[in-house]
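Residue-level structural notes
Listed here are the chains, written in short residue letters.
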Amino acid sequence: MATLTSIRPPAGETPSRPRKRRHRERAGIQGLRRSFRRHWTLYLLMVVPLIWFAVFKYIPMSNAVLAFKSFNVVKGIWGSPWVGWQNFELFFHNPVFWNLVKNTFLLSVYTVAASFPIAIILALALNEIRNGLFKRTVQLVTYAPYFISTVVVVSMTILVLSPRLGIVNEGLGFFGVPSVDFLGNPDYFRHIYVWSDVWQTTGYSAVIYLAALAGIDPALHESARIDGASRLQRIRHVDLPGIMPTAVIILVLAVGNIMAIGFEKAFLLQNPLNLSESEIIATYVYKTGLLNADFSSATAIGLFNSVINLVLLLGVNAVAKRITGNGLWS
């Protein structure tokens with residue numbers, strides 16, 4: 001009797017279920033082997049990027065433990081003494097904490113709010129152009145700034161807005177308006193940063209939406225024309241829904257990086273006069289970690305920034321998926 005009980009299958013599970021499960025596992029392994037034999041060259045191409053991500057992205061994550069330690073050069077990261085949450089508490093009680101968070105958040109939100117719709121509008125406008133030469137010319141002019149380095153863009157911005165020799169102030173002087181020190185006034189910093197970024201990146205972002213527009217079935221436009229829809233109505237009811245999944249993903253990624261705004265341009269446009277608006281978390285981490293050699297505090301600030309980005313990414317993705325049905329992992 002005991003022997004019969006020991007071989008009896010669990011309640012709710014027939015003897016064939018484990019057999020089916022093993023069959024599915026074997027089929028999956030065999031399918032993976034067949035795929036590898038057929039597409040081994042593609043898998044080989046993936047090796048170098050995967051190694052790069054592992055070495056430069058994932059392995060360094062282990063060193064984030066430095067945020068909870070007091071770094072000692074002699075003892076190294078893992079030998080340095082633990083201090084717990086002390087580095088985070090020092091940052092939270094720092095008088096500049098709220099100003100850093102405010103500057104970073106406002107600058108990022110302003111950048112997303114300005115660049116996101118303009119790229120869509122440019123793509124929709126280019127998609128409606130029927131003159132091929134004019135369309136290619138506009139694409140080239142708007143796309144080319146993306147290949148200009150940040151240092152060059154900042155240098156151009158400084159020259160254009162120079163109080164003495166800048167083109168903008170020359171134009172203002174022509175109308176009798178006194179010259180303005182744009183980079184010396186903190187009120188202008190965010191506008192300069194955002195609109196120079198829009199000029200540099202809009203053309204590249206529009207290419208992504210143009211690719212999405214190219215994937216829309218032409219029959220939908222033909223049906224809309226037969227029904228008497230105008231050009232604006234076709235854009236509203238055919239083009240916009242067609243690019244909505246792409247737009248949602250780009251928006252989610254942009255909001256997910258809202259606290260990780262670029263360091264280079266903010267640092268290069270920064271000066272003692274506009275520091276109250278231009279000092280963001282990225283520039284503060286650079287000054288704390290490299291200039292002041294306080295590596296533990298810099299790591300803690302960077303980790304705090306990354307956690308906020310992760311929370312924003314997950315939250316916005318959940319909201320977007322609930323509203324539109326599209327998300328990063330849908």
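Residues numbered from 1 in each chain as written. Predicted model: local features only at pLDDT ≥ 70, side-chain atom pairs only at ≥ 80, totals over all residues. Heavy atoms only, no water.

**A few points about the overall build of the chain**
Regarding its fold elements, the chain presents 16 helices and 0 strands. Here the C-alpha radius of gyration of the chain, 27 Å, is well above what a compact globule of 330 residues would show, namely 20 Å. Structurally, the chain occupies a C-alpha span of about 105 × 75 × 40 Å along its principal axes. Across the 330 residues of the chain, 30% fall into the buried class. Surface accessibility of the chain: about 21100 Å² in total, with carbon and sulfur atoms responsible for 68%. Placing the 29 positive and 16 negative side-chain charges of the chain at their respective mean positions leaves the two points 18 Å apart. (Helix = DSSP H or I, 4+ residues; strand = E, 2+ residues; numbered from the N terminus. Rg over C-alpha atoms; globule rule 2.2 N^0.38 Å. Buried < 20%, exposed > 50% of the residue type's maximum accessible area, 1.4 Å probe, protein only. Areas by Shrake-Rupley, 256 points an atom, 1.4 Å probe, with all protein chains shown as cover. Lys, Arg positive; Asp, Glu negative; His and termini not counted. Charge placed at Lys NZ, Arg CZ, Asp CG, Glu CD.)

**Some points on the packing of helix α15 (residues 281–291) against helix α16 (residues 295–324)**
For the pair α15 and α16, interaxial distance at closest approach is 8 Å and the crossing angle is 160°. It follows that α15 is roughly antiparallel to α16 by the angle criterion. Every pair of crossing elements has a handedness; the one defined by α15 and α16 is left-handed. Here Ile281, Tyr284, Val285, Thr288 and Gly289 of α15 come into contact with α16, specifically with Phe295, Ser297, Ala298, Ile301, Gly302 and Asn305. When the residues that make up the contact of α15 with α16 are grouped by side-chain class, the tally is 6 nonpolar, 5 polar and no charged. (Axes fitted to C-alpha atoms, helices over the stretch in contact; angles between N-to-C directions. Parallel < 35°, antiparallel > 145°, perpendicular 65-115°, else oblique. Left-handed = near helix turned anticlockwise from the far one by under 90°. Contact = heavy atoms within 4.5 Å. Nonpolar A, V, L, I, M, F, W, Y, C, P; charged D, E, K, R; others polar.)

**Digging into the packing of helix α7 (residues 132–143) against helix α10 (residues 189–214)**
Orientation of α7 relative to α10, taken along the N-to-C sense of each, is 130°, at an axis distance of 7 Å. By the angle between their directions, the pair α7 and α10 is classed as oblique. Counted together, Gln139, Thr142 and Tyr143 of α7 and Gly203, Tyr204, Val207 and Leu210 of α10 form the full contact between these two elements. In terms of residue class, the contact of α7 with α10 is built from 4 nonpolar, 3 polar and no charged.

**Some thoughts on the nonpolar core**
Ile120, Ala123, Tyr209, Leu213 and Ile243 are the most contacted members of the largest nonpolar core, which has 19 residues in total. Residue assignment for this core shows that the elements contributing at least two residues are α6 (97–128), α10 and α12 (231–256). Ranked by residue count, the leading element in this core is α6, at 7 residues. Discounting residues that sit within four places of it in the chain, Ala123 has contacts with Ala206, Tyr209, Leu210 and Leu213. (Core = buried A, V, L, I, M, F, W, Y, C linked by side-chain atoms within 4.5 Å.)

**Digging into the pattern of salt bridges**
Applying the stated criterion across every chain yields a total of 5 salt bridges. A salt bridge links Lys265 to Asp197; the shortest N-O distance between them is 3.8 Å. Of the two residues, Lys265 sits in helix α13 (residues 263–269) while Asp197 sits in helix α10, which places them 68 residues apart along the sequence. (Salt bridge = Lys/Arg side-chain N within 4 Å of Asp/Glu carboxyl O.)

**Notes on the side chain of Asn103**
Mapped onto the fold, Asn103 is located in helix α6. Asn103 sits in the buried class, given a relative accessible area of 0%. Here the side chain of Asn103 touches Ser276 through a polar contact of 3.0 Å, landing on its backbone oxygen. A polar contact is formed between the side chain of Asn103 and the backbone oxygen of Glu279, at a distance of 3.1 Å. Excluding anything up to four places from it in sequence, Asn103 contacts Arg190, Ser276, Glu277, Ser278, Glu279 and Ile280. (Polar contact = N/O pair within 3.5 Å; in protein donor to acceptor, adjacent residues only side chain to side chain.)

**Notes on a positive patch on the surface**
Taken together, the side chains of Arg33, Arg34, Arg37 and Arg38 present a region of like positive charge at the surface. Mapping Arg37 onto the fold places it in helix α2 (residues 16–38). Exposure remark for Arg37: the relative accessible area of 58% places this residue in the exposed category. (Patch = residues over 30% accessible without salt bridge, like charges linked within 9 Å, V, L, I, M, F, W, Y side chains within 5 Å.)

**Concerning the packing of aromatic side chains**
Applying the stated rule across the entire model yields 26 aromatic pairs. Between Phe189 and Tyr193 the ring centres are 6.2 Å apart and the planes differ by 40°, which places this aromatic pair in the tilted class. With a gap of 4 residues between them, Phe189 and Tyr193 both fall in helix α10, about one helical turn apart. Both residues of the pair, Phe189 and Tyr193, count as buried. (Phe/Tyr/Trp six-rings, centres within 6.5 Å; stacked < 30°, edge-to-face > 60°.)

**Details of the environment of Gly302**
Mapped onto the fold, Gly302 is located in helix α16. On a C-alpha basis, the gap between Gly302 and Ala64 in space is 9.0 Å, while along the polypeptide they are 238 residues apart.

**Here we look at the side chain of Asn309**
Tracing the backbone shows Asn309 in helix α16. Here Asn309 falls in the buried class, since its relative accessible area comes to 9%. When sequence neighbours within four positions are dropped, the list of residues in contact with Asn309 reads Gly256, Asn257, Ile258, Met259 and Ala260.

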